[in-house]
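Examining the three-dimensional arrangement
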Amino acid sequence: MWLYVFFDLPTNTKQERRAASDFRKYLLNDGFTMFQFSIYLRHCSSRENANVHEKRVKAHLPISGKVGILTVTDRQFGMMEIFYSRKEKKNPQKLVQLELF
C-alpha cells in the first residue's frame, strides 16, 4: 500500500511558514518521501500499517490549510505513468560502443 499526503498550506506569515515547514519535516521524519513539492508518499506493508501512519499525520495537522490523505494499492501505484518532459532533445548524442578484439 502507498499512503499519499498532499497539502496546500498558507505561507504568508512567519508563523504559517514555520507550521508548513514543521509539517513537512514531520512527514520526512515519519518515513515519507517527497514526490512533488506538496505531495509526499510512503510505502506501507499492510492496511493496518497505513492506518497507523494516517493517524499520525492527522495528529500533526497544521492549524490552517488543506491536507488530503490517499491510500492506493501496490497495483494501482504500479499503473501510474510519470512524464518528465515532452520536449525532444536537439542533436541527441549517439552512443559509441567500444570494441575490443
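Relevant structure appears above.
In what follows, the accompanying structure is described. (Residues numbered from 1 in each chain as written. Predicted model: local features only at pLDDT ≥ 70, side-chain atom pairs only at ≥ 80, totals over all residues. Heavy atoms only, no water.)

**So, the packing of aromatic side chains**
Per the stated rule, a full pass over the model turns up 5 aromatic pairs. Centre to centre, the rings of tyrosine 4 and phenylalanine 35 are 6.3 Å apart; their planes meet at 85 degrees, and the pair counts as edge-to-face. Placement of tyrosine 4 in strand β1 (residues 2-8) and of phenylalanine 35 in strand β2 (residues 33-36) is noted, with a sequence separation of 31 residues between them. Take tyrosine 4: its relative accessible area is 10%, and that puts it in the buried class. According to the relative accessible area criterion, phenylalanine 35 is partly exposed, its value standing at 31%. Where tyrosine 4 meets phenylalanine 77, the ring centres are 6.4 Å apart and the plane angle is 45 degrees; that geometry is what we call tilted. Of this pair, tyrosine 4 sits in strand β1 while phenylalanine 77 sits in helix α3 (residues 74-78), placing them 73 residues apart in sequence. Using a relative accessible area of 22% as the deciding quantity, one classes phenylalanine 77 as partly exposed. Aromatic rings pair up to connect Trp2, Tyr4, Phe35 and Phe77 into one cluster. (Phe/Tyr/Trp six-rings, centres within 6.5 Å; stacked < 30°, edge-to-face > 60°. Helix = DSSP H or I, 4+ residues; strand = E, 2+ residues; numbered from the N terminus. Buried < 20%, exposed > 50% of the residue type's maximum accessible area, 1.4 Å probe, protein only.)

**What about the sheet that holds β1?**
What the 4 strands build is an open sheet, ordered β2-β3-β1-β4; its pairing is antiparallel. At either margin of the open sheet sits one strand with a lone partner, and together these are β2 and β4 (66-72). Here the strands of the sheet are splayed against their neighbours by 25 degrees on average, with no regard to which way each runs. Of the strand pairs in this sheet, β2 and strand β3 (residues 39-43) are connected by 3 bridges, and their pairing is antiparallel. Paired with threonine 33 across the two strands is leucine 41, which belongs to β3. Packing of helix α1 (residues 14-29) onto the sheet brings it into contact with β1, β3 and β4, and relative to β1 it is tilted by some 170 degrees. (Pairing = 2+ DSSP bridges. Axes fitted to C-alpha atoms, helices over the stretch in contact; angles between N-to-C directions. Contact = heavy atoms within 4.5 Å.)

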